[in-house]
Number of protein chains: 2
Amino acid sequence: MVKARYLAGDLTEKDIGNQVTLKGWVQKRRDLGGLIFIDLRDRSGIVQIVFNPTVSEEALAVAEQVRTEFVIEVSGNVVDRDPQTVNPNMKTGTIEVSISSIEILNEAKNPPFSLSEKDETSEDVRLKYRYLDLRRESMQETFKLRHKASQSMRSFLTEEDYLEMETPMLTKSTPEGARDYLVPSRVHEGHFYALPQSPQLFKQLIMMSGFERYFQFARCFRDEDLRADRQPEFTQVDIETSFMSSDEIMSMTERMLAKVMKDVKGIDVEIPFNRLSYDEAMRRFGSDKPDTRFGLELMDVSDIVEQSDFKVFASAVASGGKVNAINLKGQAQNFSRKDIDRLTDFVKIYGAKGLAWLKVEEEGLKGPISKFFTEDVATAMTDRLDASADDLLLFVADETQVVYDSLGALRLKLAKELDLIDHNRFDFLWVTDWPLLEYDDNENRYVAAHHPFTLPKEEDLDKLESDPASVKASAYDIVLNGFELGGGSLRIHKKDWQEKMFRVLGFSKEEAQDQFQFLLDALEYGTPPHGGIALGFDRLVMLLAGKSNLRDTILFPKTASASDPLTNAPGTVSTKQLEELHLQLIEKNSQS
Amino acid sequence: MVKARYLAGDLTEKDIGNQVTLKGWVQKRRDLGGLIFIDLRDRSGIVQIVFNPTVSEEALAVAEQVRTEFVIEVSGNVVDRDPQTVNPNMKTGTIEVSISSIEILNEAKNPPFSLSEKDETSEDVRLKYRYLDLRRESMQETFKLRHKASQSMRSFLTEEDYLEMETPMLTKSTPEGARDYLVPSRVHEGHFYALPQSPQLFKQLIMMSGFERYFQFARCFRDEDLRADRQPEFTQVDIETSFMSSDEIMSMTERMLAKVMKDVKGIDVEIPFNRLSYDEAMRRFGSDKPDTRFGLELMDVSDIVEQSDFKVFASAVASGGKVNAINLKGQAQNFSRKDIDRLTDFVKIYGAKGLAWLKVEEEGLKGPISKFFTEDVATAMTDRLDASADDLLLFVADETQVVYDSLGALRLKLAKELDLIDHNRFDFLWVTDWPLLEYDDNENRYVAAHHPFTLPKEEDLDKLESDPASVKASAYDIVLNGFELGGGSLRIHKKDWQEKMFRVLGFSKEEAQDQFQFLLDALEYGTPPHGGIALGFDRLVMLLAGKSNLRDTILFPKTASASDPLTNAPGTVSTKQLEELHLQLIEKNSQS
């Protein structure tokens, strides 16, 4: 008997008559009419194996001891199934393996939860037993997809002459950006490394080193309070190039993502992707990462209503704000007062003071505020909003940012409720022409909207100090189905521009030198024009796998309190370890 | 004029007549007879460009401002060179580009050291200006090789159904092994993450999760005092499999390394690689990572000399030690007394008390100790050592470990001095049958020779508690040209064996549970038999690139004090940052 190892899920009718050896896990065991049937699972899938006393009484006796998740090695003969027992829902459903010998490689206690896909065990328990949770088919598929996506990008980038390179994890803390994870140095008393928030400066140094084309699947760290879709460590596809324009970098990214979509999902996406300026994205979608798989765009009626008798609208415009509307086509009958109250509560989360509404009837606009509008205003609104009978018009009148935030969020909520989203669609979109700076009211200074190394648009360079708020960045974000997938920019490659940028950000000359002397030095020794992009790889995998939770795409993720229920990290350490690092814990009572 | 971008090093005679645009760095500028010649460098290599007033006076005028390492964009016509000016040492030496336009993209100060390969600037300065040092051709080539090697392995492993997966960096500190780098938690007061020394437990958990085949280019961290060939962070090719035997894992590794050698060096290496047991490696080479590119093997004459009148030899054997010799064939005339004194000083570094020697002449053995040996003993030695006229025999008599350490080191030293090593040869070698445990005299207990999860050889399992010192491990190291390239083992997959192992290592039940409860739990839920290997990737690149320094294979390495002269990491942090982590520095005077 040939004892070649086969894979369960790969067996087909072509294997009928072959002697095969299989190793794997017991997915399910059924006893029926003196026979034992086991669904045997390995990394390739599942096949049914049968223990029959006429084949081997000995094997049958061992099979009787076997339970769910036991690890077994079996040998037997591939046979076709009775037509009545063919399972059309199973890839290997037309065959089974008639077992002549079995060895139990390891036993298993009854798992604390069912490994079926439908099981609804709490996430904390699933994370504690992550090694069981990962055995589920959909988890296995997600990590196969993750592998495939990463190899697809690697092969694209290698083909285009990019080198995969590794930047340090033990780096220096910088005050800009999010909070750093720190690593105390044992050798240098009182000194600390920081784990990188991104390899930003190193990738620029790689360009300064003449490599021209670099990429890395870079682990990045941010010690922030975690939201549902954040993790303390995450992976980004980090790319940097020299001598390329924004358009060339965007085009390269598009070709790479098109290849991934083809390799991983079998989908042809059209390139080039659509582009929106930041201003247009905000104006039309109330968001800098709009989901463009559906309409419900925001429409501005400020100019129409600013002279109206409805004081809420008129005064919002008068005080520099806006009145925007969303038109829910044909939905007037489907939204009760109560529904609209619910939506009003929702927009209040985003700072809106209220949600005005009008229903369109054959005779005109109806609703509590309709009386404030003259026929001219009503007609102009109807035209602007492309309104017809049975439409429901929803308005927010407020400061511009509140209007965008609240209607942008409402737009997403309504699309979900009304099932307007085609979940098989992948809408890639560039958002360009970002503001370079944002004014930080707490710090009383401008801060970099992206980071302090972003190149201003060439035409705005001379406004950097005189009118910082108006300066646009040579920056581009890539959005997929309403998620920010990544972003990039051209970087400053001239020392005097970088110094000017630090000044605008309120750095003293000493601070700039203290933190970034090496960068300023490097800019003097022949730095090429350069730029790049970084894509959130966990996020990309999440969207490709159709998951809604980033934790399902990370092998061993952390909880919202940045802990790992499996290994119980973080843990305590010995006093000796701390002393070697010249550290002690602050006593509770000495902290006040 | 077509303005297609070309690469300098890729231009050939086929491009003659083409209008090309090039972007890159000024490697060298020469002014000659009213013309300016520039060696223009980009990532592909170098081409000569010429500024001729008859082509463009304007371009020539700009070229006059250009200095070394300026970044320029030029356009011009590819022409063939005068036969007299052809440079056969240059890939593009038969052509040059006659420039019609030039733009200076960035200027450069005069570099603090020459970028020529021969420059001997101190490493500290080179690390401070790493972005300049990396522009050297041999550095560029090393990182291209590094990329090629990693993609070669990735493609092999993907082909063989391995999934590339990412394990966490923020993990839990464990007391076994080297010193951890710690990361204080802000959320969990007094708790710390540890950066991984290797993904050992996570790769085992991946097997427990049913993935069967995993790999990762894993960043690993050890906070140890650095030797010349160590770095605080390094990269290992980490591989783990289920259901495979040691032989199968070794065979897979061999095929992978053979592919890398072919893809990167164009060399066909023979597989399977040679294998030596640990005992045999020590006996024949005095080393567990022998360089087998040359002979000079250690030979044991203990049994011959134990009854001799030479007390040094006889007493070494009598007290349980050994007398070993190396035969330097035909070298008797080439080593003076002074040379041998020098070698004696060398072996003393390794604890040897002295180095005895004999020269073989036609008449017999000569030297100060020859008088102690009877003719029978002399004949037996001559036979054993295959000695003939003009050989030099070098002896160490001592405790076994001292004999191995000193003669093992002497063997390497002599091979270098006598130029016995073929530097074009790549000798891969497996060292197998390692001891499972080592006795630690400081801790007064057995410690794991590899790690506490290594599976003992099946036949030794029952001796684990009764005779720990005699137990061999299912472990294998791979050695290349005398460097330990990596190692692996089968792992314990049964809970009771793992518990027994912890007991042998002196862990109390509580300690084992506190540190490894999740592992012991996981072993109860259907853990497959599994094992793997980890290869030092920086080391592999070093050997493939023919470098002698690990720092030349790491993009931004640390110095021996674990600092980075470029960014000045590690650095100080603010009191606020420390307070958020519930930490304070230990005052110097409170430390005593």
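Residues numbered from 1 in each chain as written. Chains lettered and ligands numbered in written order. Predicted model: local features only at pLDDT ≥ 70, side-chain atom pairs only at ≥ 80, totals over all residues. Heavy atoms only, no water.

Trainee: Just to check I follow, could you spell out the environment of Phe211 of chain A for this structure?
Mentor: Structurally, the position occupied by Phe211 of chain A is in the loop between α5 (200-208) and β9 (213-221). A relative accessible area of 2% means that Phe211 of chain A is categorised as buried. With 71 residues separating them in the primary sequence, Phe211 of chain A and Gln140 of chain A have C-alpha atoms 37 Å apart. Apart from the residues within four sequence positions on either side, Phe211 of chain A is in contact with Leu163, Met165 and Ile206 of chain A together with Arg43, Leu134, Met139, Gln140, Phe143 and Leu555 of chain B. (Helix = DSSP H or I, 4+ residues; strand = E, 2+ residues; numbered from the N terminus. Buried < 20%, exposed > 50% of the residue type's maximum accessible area, 1.4 Å probe, protein only. Contact = heavy atoms within 4.5 Å.)

Trainee: Honestly, the relation of the copies chain A and chain B in this entry has me stumped. Any pointers?
Mentor: Two copies of a chain can be linked by a rotation about an axis combined with a shift along that same axis. Between the two copies, chain A and chain B, the superposition gives an RMSD of 0.1 Å; the rotation angle is 180° and the shift along the axis is 0.0 Å. Expressed as a symmetry operation, the mapping of one chain copy onto the other fits a two-fold axis. A shared binding surface is used by both copies, with 100% of the interface residues of chain A retained as interface residues in chain B. (Least-squares fit on C-alpha atoms with pLDDT ≥ 70 in both.)

Trainee: What's the story with the interface of chain A and chain B in this structure? I'm lost.
Mentor: As a measure of interface size, the accessible area lost when the parts come together is often cited. Taken together, the contact pairs 123 residues of chain A with 123 residues of chain B. Both faces considered, chain A and chain B share a buried interface measuring about 11000 Å² in area, 57% of it formed by carbon and sulfur atoms. When the buried area of chain A at its contact with chain B is split by residue, Arg43, Glu166 and Tyr525 of chain A rank highest and sum to 8% of it. Here chain A is connected to chain B by 20 salt bridges. No other element matches helix α4 (residues 137-159) of chain A, which puts 10 residues into the side of chain A that touches chain B. Its residues assigned to classes, the side of chain A that touches chain B comprises 56 nonpolar, 33 polar and 34 charged. (Buried area = accessible area lost by both parts, 1.4 Å probe. Salt bridge = Lys/Arg side-chain N within 4 Å of Asp/Glu carboxyl O. Nonpolar A, V, L, I, M, F, W, Y, C, P; charged D, E, K, R; others polar.)

Trainee: Please explain the domain arrangement of chain A as it appears in this structure.
Mentor: For chain A, the domain assignment lists domain 1 (13-106), domain 2 (294-421) and domain 3 (435-472 + 494-527). Relative to domain 3 of chain A, the C-alpha centre of domain 1 of chain A lies at a distance of 67 Å. (Domains from an automatic or database assignment.)

Trainee: What am I meant to see in the pairing of strand β3 (residues 45-51) of chain B here?
Mentor: Strand residues, when the strand is regular, have side chains that alternate between the two faces of the sheet. Residue and element names in this part refer to chain B. Counting buried positions along β3 yields 5 of 7 residues, so the element is predominantly enclosed. As paired strands, strand β2 (residues 35-42) and β3 are joined by 7 bridges and run antiparallel to one another. Following the sheet pairing, Ile38 is matched in β3 by Ile49. As consecutive antiparallel partners, β2 and β3 are separated by 2 residues. Bridge count between β3 and strand β5 (residues 95-106): 2 bridges; the pairing is parallel. In the sheet register, Val50 faces β5, and the bridge partner there is Ser98. (Pairing = 2+ DSSP bridges.)

Trainee: I tried to follow empty space enclosed by the protein on my own but got confused; where do I start?
Mentor: Where empty space is left can be seen by rolling a probe of water-molecule size over the atoms. Tallied over the entire structure, the rule returns 10 cavities of 30 Å³ or more. One number sums up the size of the largest cavity: a volume of about 400 Å³. As for the largest cavity, its lining consists of 26 residues, of which Arg154, Glu164 and Phe217 of chain A together with Arg154 and Phe217 of chain B are closest to the centre. Elements supplying a minimum of two residues to the lining of the largest cavity: α4 and β9 of chain A together with α4 (137-159) and β9 (213-221) of chain B. Grouping the constituent residues of the lining of the largest cavity by class yields 10 nonpolar, 6 polar and 10 charged. (1 Å grid on protein atoms, 1.4 Å probe; cavity = no way out; pocket = protein on both sides within 12 Å on 5 of 7 lines; lining within 4 Å. Points joined across faces, edges and corners; volume = space filled by probe spheres on them.)

Trainee: Which parts of the structure should I look at to understand the packing of α4 of chain B against helix α15 (residues 537-544) of chain B?
Mentor: Any two packed helices are characterised by the angle at which their axes cross and by the distance between the axes. Residue and element names in this part refer to chain B. At a minimum axis separation of 10 Å, α4 and α15 run at an interaxial angle of 120°. Relative to α15, α4 is oriented oblique. α15 is crossed by α4, and the crossing has right-handed handedness. Along the contact surface, α4 presents Thr142, Leu145, Arg146, Ala149, Ser150 and Met153, while α15 presents Phe537, Asp538, Leu540, Val541 and Leu544. (Axes fitted to C-alpha atoms, helices over the stretch in contact; angles between N-to-C directions. Parallel < 35°, antiparallel > 145°, perpendicular 65-115°, else oblique. Left-handed = near helix turned anticlockwise from the far one by under 90°.)

Trainee: What is the right way to look at the pattern of salt bridges in this model?
Mentor: Should the charged atoms of two oppositely charged side chains come close, the side chains can pair. Per the stated rule, a full pass over the model turns up 98 salt bridges over all chains. In this structure, Asp427 of chain A and Arg425 of chain A form a salt bridge, with 3.0 Å as the shortest nitrogen-oxygen distance. Its relative accessible area of 14% is what places Asp427 of chain A among the buried residues. The exposure class assigned to Arg425 of chain A is partly exposed, which follows from its relative accessible area of 34%. The network of salt bridges with shared partners includes Arg146, Arg219, Glu233, Asp538 and Lys558 of chain A together with Glu166 of chain B.

Trainee: Looking at this structure, I do not really get the UniProt feature "binding site: L-aspartate" (unreviewed entry) in chain A. What am I missing?
Mentor: All names here are of chain A. The UniProt entry lists Glu176, Arg222, His450 and Arg491 under the feature "binding site: L-aspartate" (unreviewed entry), expressed in the numbering used here. Within the secondary structure, Arg222 is located in the loop between β9 and β10 (233-242). Not counting the four nearest positions on each side in its chain, Arg222 is found in contact with Ala178, Arg179, Tyr181, Gln197, Pro232 and Phe234. Here His450 is to be found in the loop between β19 (445-448) and β20 (475-480). Ignoring anything within four residues of it in the chain, the contact list for His450 reads Trp434, Leu436, Ala475 and Asp477. A distance of 3.3 Å separates a polar atom in the side chain of His450 from a polar atom in the side chain of Asp477. (UniProt positions renumbered as here; feature names shortened; annotations may be inferred. Polar contact = N/O pair within 3.5 Å; in protein donor to acceptor, adjacent residues only side chain to side chain.)

Trainee: Could you clarify how one ought to interpret the environment of Phe372 of chain A in this entry?
Mentor: All names here are of chain A. Summarising the element assignment, Phe372 is placed in the loop between β15 (364-366) and α11 (375-384). In sequence terms Phe372 and Pro83 are 289 residues apart; their C-alpha atoms lie 74 Å from each other. Leaving out residues up to four positions away in the same chain, Phe372 has contacts with Ser308, Asp309 and Phe310.

Trainee: Can you help me understand the sheet that holds strand β5 (residues 95-106) of chain A in this one?
Mentor: Remark on secondary structure: sheet strands pair via backbone hydrogen bonds, oriented parallel or antiparallel. Residues and elements named next belong to chain A. On the basis of which strands lie adjacent, the closed barrel formed by 5 strands has the order β1-β2-β3-β5-β4 and mixed pairing. Strand-to-strand twist of the sheet, defined as the mean angle between neighbouring strand axes without regard to direction, takes the value 55°. Two strands pair when backbone bridges link them, and strand β1 (residues 19-32) and strand β2 (residues 35-42) are joined in this way by 7 bridges, in the antiparallel orientation. By the bridge assignment, Asp31 is partnered in β2 with Ile36.

Trainee: Sorry if this is basic, but what is going on with the packing of aromatic side chains here?
Mentor: Each aromatic ring pair is summarised here by two numbers: the centre-to-centre distance and the angle between the ring planes. All names here are of chain A. Applying the stated criterion across every chain, the model contains 48 aromatic pairs over all chains. Summarising the aromatic geometry, the rings of Phe310 and Phe313 are spaced 4.7 Å apart at their centres and angled 65° between planes, so their arrangement reads as edge-to-face. Just as Phe310 is buried, Phe313 falls in that class too. Judged by centre distance (5.5 Å) and plane angle (75°), the rings of Phe453 and Phe516 are edge-to-face. Residue Phe453 is found in the loop between β19 and β20, and its partner Phe516 is found in helix α14 (residues 509-522); the two are separated by 63 residues along the sequence. With respect to burial, Phe453 and Phe516 carry one shared label: buried. Clustering of aromatic rings is evident, with ring pairs tying together Phe310, Phe313, Phe372, Phe373 and Phe395. Positioned above the aromatic ring of Phe217, the side-chain terminus of Arg154 is 4.2 Å from the ring centre. In this arrangement the basic side chain of Lys413 is found over the ring face of Phe346, its NZ or CZ atom lying 4.8 Å from the centre. (Phe/Tyr/Trp six-rings, centres within 6.5 Å; stacked < 30°, edge-to-face > 60°. Lys NZ or Arg CZ within 6 Å of the ring centre and 35° of its normal.)

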